[in-house]
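So the chains spell out like this:
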Amino acid sequence: MSKHSKLLLVALGLVIIAGLIIVPMNFNRYGLYILSQWAVMTIAAMGLNLTLGYAGQVSLAQGAFVGIGAYGAAILTTHGWPLIAALGLVIVICFIVGWLLGYPALRVQHHYLAFVTLAFSTLAFLVFRNESWLTNGIYGISNIPRPEIFGYPTRKPLPFYYLCLGSLGLVTLAMWWLIRSPWGRAFMALRENPIRAQSLGIDTRRYTLMAFAIGSVLGGIAGVLYAPLTQYVDPVPFNLQLSLDLLMMVIVGGSGFMLGPFLGAMIAVLLPEWLRFAEGYYLMLYAVAVILLLIYSPTGILGIIDRYLSSRRTQAASALRAAAQSKLEAAR
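First things first, this report covers the structure right here in the doc. Nothing here was measured: the structure is a model prediction, and the numbers come from that model.

Rules of the game
- Residues numbered from 1 in each chain as written.
- Predicted model: local features only at pLDDT ≥ 70, side-chain atom pairs only at ≥ 80, totals over all residues.
- Heavy atoms only, no water.
- Helix = DSSP H or I, 4+ residues; strand = E, 2+ residues; numbered from the N terminus.
- Rg over C-alpha atoms; globule rule 2.2 N^0.38 Å.
- Buried < 20%, exposed > 50% of the residue type's maximum accessible area, 1.4 Å probe, protein only.
- Contact = heavy atoms within 4.5 Å.
- Areas by Shrake-Rupley, 256 points an atom, 1.4 Å probe, with all protein chains shown as cover.
- Phe/Tyr/Trp six-rings, centres within 6.5 Å; stacked < 30°, edge-to-face > 60°.
- Lys NZ or Arg CZ within 6 Å of the ring centre and 35° of its normal.
- Disulfide = S-S within 2.5 Å.
- Axes fitted to C-alpha atoms, helices over the stretch in contact; angles between N-to-C directions.
- Parallel < 35°, antiparallel > 145°, perpendicular 65-115°, else oblique.
- Nonpolar A, V, L, I, M, F, W, Y, C, P; charged D, E, K, R; others polar.

1. Structural notes on the overall build of the protein chain
Logical step 1: Of regular secondary structure, the protein chain possesses 14 helices and 4 strands.
Logical step 2: Radius of gyration (C-alpha) of the protein chain: 22 Å, near the 20 Å computed for a compact globule of 332 residues.
Logical step 3: When its C-alpha atoms are laid out on the principal axes, the protein chain stretches across 85 × 50 × 45 Å.
Logical step 4: Within the span of the protein chain, comprising 332 residues, buried residues form 45% of the whole.
Logical step 5: Sequence-distant contacts, at least 24 apart, represent 75% of the contacts inside the protein chain between residues at least 6 apart.
Logical step 6: Carbon and sulfur atoms make up 69% of the accessible area of the protein chain, which amounts to about 18,000 Å² in all.

2. Things to note about the packing of aromatic side chains
Logical step 1: Per the stated rule, a full pass over the model turns up 10 aromatic pairs.
Logical step 2: When the ring of Phe187 is compared with that of Tyr207, the centres are 5.8 Å apart and the planes differ by 90°; the resulting orientation is edge-to-face. On the criterion of sequence distance, the pair formed by Phe187 in helix α8 (residues 182–192) and Tyr207 in helix α10 (residues 204–230) is long-range, its members being 20 residues apart.
Logical step 3: Tyr207 sits in the buried class, given a relative accessible area of 10%.
Logical step 4: Members of the aromatic cluster, joined through ring pairs, are Tyr71, Phe128, Tyr226 and Phe238.
Logical step 5: One Lys or Arg, Arg146, reaches over the ring of Phe160 and ends 4.7 Å from the middle of that ring.

3. Thoughts on the environment of Phe277
Logical step 1: Mapped onto the secondary structure, Phe277 falls in the loop between α12 (260–274) and α13 (282–296).
Logical step 2: Each C-alpha atom of the pair Phe277 and Tyr54 lies 37 Å from the other, and the pair is 223 residues apart in sequence.

4. Let's talk about the state of the cysteines
Logical step 1: A complete count under the given rule lists 0 disulfides for this structure.
Logical step 2: Unpaired in terms of disulfides, Cys94 finds its nearest cysteine sulfur in Cys164, a separation of 17 Å.
Logical step 3: With a relative accessible area of 0%, Cys94 lands in the buried category.
Logical step 4: Assessed through its relative accessible area of 0%, Cys164 is described here as buried.

5. Some thoughts on the side chain of Thr77
Logical step 1: Relative to the helices and strands, Thr77 resides in helix α3 (residues 62–77).
Logical step 2: On the basis of relative accessible area, Thr77 is assigned to the buried category, the value being 9%.

6. Observations regarding the environment of Ala265
Logical step 1: Following the sequence through the fold, Ala265 ends up in helix α12.
Logical step 2: A residue is classified by how much of its surface remains accessible, and Ala265, at 0% relative accessible area, is buried.
Logical step 3: C-alpha of Ala265 to C-alpha of Gly254: the two residues are 11 residues apart in sequence and 11 Å apart in space.

7. Digging into the packing of helix α2 (residues 29–54) against helix α11 (residues 240–253)
Logical step 1: With their axes 9 Å apart at the nearest point, α2 and α11 run at an angle of 75° to one another. Taken together, the axis directions place α2 and α11 in an arrangement best described as roughly perpendicular. When α2 is examined against α11, the residues Met41, Ala44, Ala45, Leu48, Asn49 and Leu52 are found in contact with a partner set consisting of Leu242, Leu246, Leu247, Met249 and Val250.
Logical step 2: Residue classes in the contact of α2 with α11 are distributed as 10 nonpolar, 1 polar and no charged.

Printed below as a string of structure tokens:
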């Protein structure tokens, strides 16, 4: 990528960040809620993108980890714990559970692994619904407080949106560093060819477990933000449908692309709202749009862009070779 292209990308990124900060100042309560939900779901989808898109491990349990984070934050904060302490405990719990959930991936792959994670997601939902002594069962947990950040309250929608947006920014920086680190290259080698990765000295066992553990932690972080966002937690949002929605976000946005979860979450969270002008048909239009996209580009939106850029680079390289060949023939 040329220096000019990099500068354009940086400028575009700064414009988008500025827009996410400035434009929502004029939004109403519901608009800020939807944008906050987009930020929270993007964090959860980034975790699944690490597990699926970079490490190549199929998981249908990401929604369960969002639920673990949400219930952990709800239970602890309603009993007087600060949100940051609840976040720390949730990270530890999700890391341990995600690490243990990764062990089946050492023995089974693809749809067999999907069934294992599906069973865990179902188990987590049953715990949320039936263990009333802990989760209050179907009645849920209400009056979840919103935190104070460095003495500034986030009870109103706009400050809490900025908290969600800031959390998304921190997670994005951490993921950007991780993907470009030796760990990220090991994850991608594990996805492309586990046998060759092992022959190159990569501990595929450890990196498979780490992919599940880190992805689960990001799901828990999203859940910790979800609880004070809605200020009410019950089992219904954390059934299998949430895991399938997160999987769709990753695939539609572009599995294995850094920005894939951003676009996927935007489509899953924002597109249905933009289509509400169609009244009773908006869900049908949303489903048709997603189906057509996946038929045209199974690699998602960013896959289309990647194919276009690859084609441009190939054409440019061919033109350079042709020019060099003509100069060589002229010199003869």
